[in-house]
Amino acid sequence: MSKSAVNLTLSPEEAFKSEVPEEIVLSKTGAKFARILKRSIDARKRQVVVHIQAEVSDQEIVLDLWKPRFKAVSDHNKCIIVGSG
């Protein structure tokens with residue numbers, strides 16, 4: 001199994017009984033690795049539910065982090081900002 005996105009709908013008791021929400025996703029899907037993408041509470045009806053969107057995989061999920069690239073500004077003119085807001 002490669003990466004795939006899953007959507008789970010759980011009761012609040014079931015969604016928040018564990019300190020680690022990934023455990024719930026792993027037990028429901030049977031995958032080896034999971035990463036929570038989004039968790040939202042839907043209270044529009046009488047019965048409140050929690051929607052969990054997660055990414056599951058049999059291989060370890062590696063996060064792709066974005067790193068900004070800053071230009072060197074040490075040789076440019078300096079500016080002084082006056083004021084406190």
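In case you missed it, the structure is sitting above this.
Reading guide: rules and limits
Residues numbered from 1 in each chain as written. Predicted model: local features only at pLDDT ≥ 70, side-chain atom pairs only at ≥ 80, totals over all residues. Heavy atoms only, no water. Helix = DSSP H or I, 4+ residues; strand = E, 2+ residues; numbered from the N terminus. Polar contact = N/O pair within 3.5 Å; in protein donor to acceptor, adjacent residues only side chain to side chain. Contact = heavy atoms within 4.5 Å. Pairing = 2+ DSSP bridges. Axes fitted to C-alpha atoms, helices over the stretch in contact; angles between N-to-C directions. Core = buried A, V, L, I, M, F, W, Y, C linked by side-chain atoms within 4.5 Å. Buried < 20%, exposed > 50% of the residue type's maximum accessible area, 1.4 Å probe, protein only.

Colleague: Go over the side chain of Asp 42, please, and point to the residues and values.
Modeller: Considering the arrangement of structural elements, one finds Asp 42 in strand β2 (residues 33-42). Reaching out from Asp 42, the side chain makes a polar contact with the side chain of Arg 44 at a distance of 2.9 Å. Excluding residues within four positions of it along the chain, Asp 42 makes contact with Gln 47, Val 48, Val 49 and His 51.

Colleague: Give a description of the sheet that holds strand β3 (residues 49-57) that names residues and reports values.
Modeller: One open sheet holds the three strands; their spatial order is β1-β3-β2, and the pairing between them is antiparallel. If you trace the sheet from one side to the other, it starts and ends with β1 (4-10) and β2, each paired once. Taking each pair of neighbouring strands and ignoring which way they run, the sheet shows an average axis angle of 20°.

Colleague: Requested: an account of the nonpolar core, with residues and values cited.
Modeller: Formed by Val 6, Leu 8, Leu 10, Ala 15, Ile 24, Val 25, Ala 31, Ala 34, Val 50, Ile 52, Ala 54 and Val 56, the largest nonpolar core amounts to twelve residues. Elements with a minimum of two residues in this core: β1, α2 (21-29) and β3. In terms of residues, this core owes the most to one element, β3, which gives four residues. Leave out the neighbours within four places in its chain, and Ile 24 touches Leu 10, Glu 14, Ala 15 and Ser 18.

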